[in-house]
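The primary structure of each chain is shown beneath.
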Amino acid sequence: MDMDDVARRGLVLLGCGKMGQALLDGWLRGGLPAESVWVIDPAPSDAVRATGVHTNAGLPESPAVAVVAVKPQMMGDALPAMTALGGGATLFVSVAAGTPLARFAAAFGDATPVVRTMPNTPAAIGRGITALIGNVPATGDHLALAEVLMRAVGQTVVLQDEAQMDAVTALSGSGPAYVFHLIEAMAQAGTAQGLPADLALALARATVGGAGQLAEDSTDDPAQLRRNVTSPNGTTAAALDVLMDEASGFPALLQRAMAAAADRSRELSRG
Ligand SMILES: NC(=O)C1=CN([C@@H]2O[C@H](COP(=O)(O)OP(=O)(O)OC[C@H]3O[C@@H](n4cnc5c(N)ncnc54)[C@H](O)[C@@H]3O)[C@@H](O)[C@H]2O)C=CC1
Ligand SMILES: O=C(O)[C@@H]1CCC=N1
């Protein structure tokens, strides 16, 4: 199965909010015809309607793919709309946090191929990263098709074990929010040091954006990039003494924050 099959047989997208829309935009940008997509969402946005996809219309009999992009708490209400697609002919791809593969087998039958994924919101600009893992009925071809779908919005990595999904969710799924909060916090601290708020925010955004791009593009690892900024006994060293403090610095804080996120993912998985 490839994107030509998806164009011919159709793709159903269940839930088209922030993540669903980012994916939809990526697929349409990549050349998937709007008439090949069926969106099911009780409140589709004007932007989704404007794409020309089918919204809340009768579903094709045997779509190539059904993508689940509703909140984990909505699964009980949302999945029954797709019951008829279970059984094997349609590949299910879920982007939902804390929703195990077994939840989809229970809804659609044990023979249904399902690929569970965890994308992130930089997908909206084609800069996401998505981790994937398939269930037993999902073949190499199914996983490859799921990767093609997710590559429309960024990079992909395949996991070895579904249990890794909780840590992935805590790291790359939720991670953009930590970075946005870092920008907010740097801007606030800049204001506290006497800068006007708009100037502090502009500096913080560009610094995090530029440093992120440098970290991704450079052949140096992040530790070396950090050392490149840090003059002996200079300003950066003074700040890093605070940020790298064993008890109260970034590492300890992020250990706690990500443990909370991963624990919440495990809790959601238990239903
Ligand atoms: N926002 C993020 O950063 C990420 C979200 N995810 C996952 O993506 C999924 C969607 O999250 P968001 O897009 O952020 O949420 P969202 O709230 O923006 O979108 C959810 C959409 O589902 C629709 N919906 C509600 N009930 C429905 C039903 N019964 N049938 C069909 N559609 C229904 C809503 O109208 C809404 O458009 C979640 O499972 C979340 O865990 C995964 C990675 C990152
Ligand atoms: O907060 C959440 O539950 C979702 C999953 C990863 C990012 N947002």
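Only a predicted model underlies this, so the values are computations on that prediction, with no experimental measurement involved.

Definitions and cut-offs
Residues numbered from 1 in each chain as written. Chains lettered and ligands numbered in written order. Predicted model: local features only at pLDDT ≥ 70, side-chain atom pairs only at ≥ 80, totals over all residues. Heavy atoms only, no water. UniProt positions renumbered as here; feature names shortened; annotations may be inferred. Contact = heavy atoms within 4.5 Å. Domains from an automatic or database assignment. Salt bridge = Lys/Arg side-chain N within 4 Å of Asp/Glu carboxyl O. Pairing = 2+ DSSP bridges. Helix = DSSP H or I, 4+ residues; strand = E, 2+ residues; numbered from the N terminus. Axes fitted to C-alpha atoms, helices over the stretch in contact; angles between N-to-C directions.

We now examine the UniProt feature "binding site: NADPH" (unreviewed entry) in the protein. Feature annotation in UniProt places "binding site: NADPH" (unreviewed entry) on Asn 56, given in this structure's numbering. Those residues in contact with Asn 56 that sit more than four places away from it in its chain are Val 39, Ile 40, Asp 41 and Pro 44.

This part covers the domain arrangement of the protein. With domains assigned, the protein is organised as domain 1 (3–164) and domain 2 (175–269). Once you take the C-alpha centre of each, domain 1 and domain 2 turn out to be 33 Å apart. In this assembly, nine residues from domain 1 lie in contact with eight residues from domain 2. Taken together, domain 1 and domain 2 are joined by one salt bridge.

Time to look at the sheet that holds strand β8 (residues 154–158). If you trace the eight strands from one edge of the open sheet to the other, you get β3-β2-β1-β4-β5-β6-β7-β8, paired in mixed fashion. Of all strands in the sheet, those bounded by a partner on one side alone are β3 (54–55) and β8. Where strand β1 (residues 11–14) and strand β4 (residues 65–68) come together, four bridges link them in parallel fashion. Bridge pairing in β4 places Leu 13 opposite Val 67. Against the sheet, helix α5 (residues 101–108) makes contact with β4, β5 (91–94), β6 (114–118) and β7 (128–134), and its axis sits at roughly 140° relative to β6, the strand it touches most.

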